[in-house]
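The chain contents come next:
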Amino acid sequence: MDEIFRKWIPEASDEQLTKLNVYYDMLVDWNGRMNLTAITEREEVAQKHFADSLLPASLIPEGARLIDVGTGAGFPGLVLKLMRPDIKLTLLDSLNKRIGFLQAVCGELGLSDVTCIHARAEDGARDKALRESFDVAAARAVAHTAFLAEWLLPYLKVGGQALLYKGPQAAEELDAAENACKLLCCKATTQSYDVPWGERCVVRLKKLAPTDKRYPRKAGAKEHL
């Protein structure tokens, strides 16, 4: 079983492979009782969840404080933490049941420097303990780039970066997010990855100035900036 994970994550140590297997087993077990993922076959999880989460790992500075917004079952944050123990991780999700799963996984794997928070992205970004205090904010398969910019940029220190995991729609979404990037004072670049499981792109938003206190807007905004 380890060989499947080793195939797609060749940089993993034996200890990391063991922890990935435990994570996988817990994911499948808990998924039988609550909706965590539609992907449960081992090799698909290895590709589309684990390896995919690690695509921009080299873009994250050593010792970074990272928040994974709308983390769901822990992708990408928990996988990044398993492979980059130097990261100080916060996992944020709006569903308390998922937070319970994430806490159980962290406990089973003995992970340190991980905080799990039950909150909507818009509400967490107005928490003084979280706002403008992270080096990196990540989001995977959550929402349109313009909405993600509004939700993630407030969490970042000036000079920090948001990493948005996207597929083939990345360029189109980024064009539509041009106004949001101006209002939120960030510079956008993209990094493409050629992988067997599909066209993948990470949109990087570098924060250039403090976020206006008007943002993010309250939960429920139907139009992006």
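Let me begin by describing the structure that accompanies this report. Worth saying up front: this structure is predicted, and the values here are computed from it rather than measured. (Residues numbered from 1 in each chain as written. Predicted model: local features only at pLDDT ≥ 70, side-chain atom pairs only at ≥ 80, totals over all residues. Heavy atoms only, no water.)

## Overview of helix α5 (residues 96-109)
To keep it simple, the criterion reads: Numbering goes from the N terminus for both helices and strands, where a helix is a DSSP run of H or I of at least four residues and a strand is a run of E of at least two. Here a helix's expected span is defined as the number of its residues, less one, multiplied by 1.5 Å. Exposed residues in this analysis have more than 50% of their type's maximum accessible area, buried residues have under 20%, and partly exposed residues fall in between, with area computed by a 1.4 Å probe over protein chains only. This arc corresponds to the set of directions leading from the helix axis out to the C-beta atoms. Contacts: residue pairs with any heavy atoms within 4.5 Å of one another.
Its 14 residues give α5 an end-to-end C-alpha distance of 20 Å, which sits within 8% of 20 Å, the value for a rise of 1.5 Å per residue. For α5, the set of buried residues is Ile99, Phe101, Leu102, Val105, Cys106 and Leu109. Looking down the long axis of α5, one finds its buried residues gathered within 160 degrees of arc, a one-sided arrangement. Seen from the buried face of α5, the exposed residues on the opposite side, beyond 90 degrees, are Lys97, Gly107 and Glu108. Summarising the contacts, the buried residues of α5 are in contact with α2 (14-31), α4 (77-83), β2 (88-93) and β3 (114-118). Looking one or two places after α5, you find glycine 110, whose phi comes out positive at around 65 degrees.

## Some details on unusual backbone geometry
In this model, phenylalanine 75 is joined to proline 76 through a cis peptide bond whose omega is 10 degrees. Within the element layout of this structure, proline 76 appears in the loop between β1 (65-69) and α4. Cis rather than trans, the peptide bond between tyrosine 215 and proline 216 has omega equal to 0 degrees. Here proline 216 shows up in the segment after β7 (198-207).

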